[in-house]
Amino acid sequence: MIRFFLIEDDPVVRRMLERIIMESSLGEIAGQASDGIGVSIDQLYGVDVVLIDLLMPGQDGIQTIKKLRSEGFAGRFIMVSQVENKEMIGEAYLQGIDTFIQKPINRLEVMSVLRRVADHLSLEASLQSIRKSLQILDVKAKEPADHDSKSTLLHGSGGYVGSSLEQKARQLLLQLGIASEAGAPDLLLIMRWLGQEEQRGDKLRELQLKELYTHILHKVHGDLDEQSIVKEVRAMEQRIRRMVIQAFTHLASLGLTDYANPTFEHFAPRLFDFQEIRVRMQELEAGEKATKCRISVKKFLSVFLLEAKA
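Conventions we followed
- Residues numbered from 1 in each chain as written.
- Predicted model: local features only at pLDDT ≥ 70, side-chain atom pairs only at ≥ 80, totals over all residues.
- Heavy atoms only, no water.
- Axes fitted to C-alpha atoms, helices over the stretch in contact; angles between N-to-C directions.
- Helix = DSSP H or I, 4+ residues; strand = E, 2+ residues; numbered from the N terminus.
- Parallel < 35°, antiparallel > 145°, perpendicular 65-115°, else oblique.
- Left-handed = near helix turned anticlockwise from the far one by under 90°.
- Contact = heavy atoms within 4.5 Å.
- Nonpolar A, V, L, I, M, F, W, Y, C, P; charged D, E, K, R; others polar.
- Expected span 1.5 Å × (residues − 1).
- Buried < 20%, exposed > 50% of the residue type's maximum accessible area, 1.4 Å probe, protein only.
- Arc of directions from axis to C-beta.
- Polar contact = N/O pair within 3.5 Å; in protein donor to acceptor, adjacent residues only side chain to side chain.
- Salt bridge = Lys/Arg side-chain N within 4 Å of Asp/Glu carboxyl O.

- Under an unreviewed UniProt entry, the name given to the protein is Response regulator, and the organism recorded is Brevibacillus choshinensis.

The following block contains the structure:
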């Protein structure tokens, strides 16, 4: 059961949000406040998601988020606002909001956003549970690169991995504008392997990327000599990084055209550091094709896996 806390100065909006959450069985309301001044970390004990207005008298939403983060609140923030100012929205993302709900309140939008956030919380809880119970797996001892495992990796198992997860991964590639990139088949191989067993999703946190690429290549090609594997790993690394940079640039381009674009709003702050996305938008405005931004490929792969499983 997801526990929500509402910080909104308009009592009508609070009642609407409460009604939608309760009638849709999305969770329970742990508390409410008409402004951010009186809200403390103690009131948010056990709270998963805070729905917070951006513009409030006394202390606005951004100031409240900064205060609660500094006090140690680690839950999600969803901003509720009718503000369209790009700088204010960008600052809200930088402070760690998960997404926006636009005013006036739309029941279907609220349900869609909150269900998506609830799915992410459920997946994160599942991965956290796995993480506590697993130790780093010995790849060679537990997963020999035999013919059957290679065939499963290349062609799928005919079940969940070969169907729903891979289909969702392909949809995400199209949505992110990278389906035709040379690194897309590599990404699908990685997703297929990570999805074959629930525990493998934890590999992204345990392994260095080169270890992950090495393992995938061994599964596909069998035993390779050291020189060949180094060469193939380097090539895969470059293909995937170029693909991730392309996704990064595509999202920045969407945000530059329309800050409220749903693909930009959902993926930009999840797949990448939002501050770096803003820098890339400025680079694109200046006509710069290359980027100097810092990009985490591991974060991209981890979030991509979560999205594909959602």
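What follows continues from the structure just given.
1. Re the packing of helix α11 (residues 226-257) against helix α12 (residues 262-271)
- Contact geometry for α11 and α12: axes closest at 9 Å, N-to-C directions at 135°. Classified by the interaxial angle, the pair formed by α11 and α12 is oblique. Like other packed secondary-structure pairs, α11 and α12 cross with a definite hand, here left-handed. Note on element contacts: α12 touches α11 through Thr263, Phe264, Phe267, Ala268 and Leu271, opposite Leu251, Leu254 and Gly255.
- Each residue belonging to the contact of α11 with α12 can be placed in one class, and the counts come to six nonpolar, two polar and no charged.

2. Considering helix α1 (residues 11-23)
- When the terminal C-alpha atoms of α1 are compared, their 18 Å separation across 13 residues agrees well with the 18 Å that a helix rising 1.5 Å per residue should span.
- Inspection of α1 places Val13, Arg14, Leu17, Ile20 and Ile21 among the buried residues, and these make up the whole buried set. Seen along its axis, α1 keeps its buried residues to an arc of 135°; they face one direction.
- The N-cap of α1, judged by a side-chain oxygen 2.9 Å from the amide nitrogen of Val12 a few residues on, is Asp10.
- Ser25 lies just past α1 and shows a positive phi near 55°.

3. A word on the pattern of salt bridges
- Summed over the entire model, instances satisfying the criterion amount to ten salt bridges.
- Between Arg76 and Asp98 there is a salt bridge whose closest N-O contact spans 2.7 Å. Here Asp98 lies in strand β5 (residues 97-102) and Arg76 lies in strand β4 (residues 76-81), a separation of 22 residues in the sequence. In terms of burial, Arg76 and Asp98 fall into one category: buried.
- Residue Arg280 pairs with Glu283 through a salt bridge whose shortest N-O separation is 2.9 Å. With Arg280 and Glu283 both in helix α13 (residues 274-285) and three residues apart, the pair spans about one turn of that helix. Pair check on accessibility: Arg280 and Glu283 agree, each one buried.
- The structure contains a network of salt bridges with shared partners spanning Arg76, Asp98, Arg270 and Glu307.

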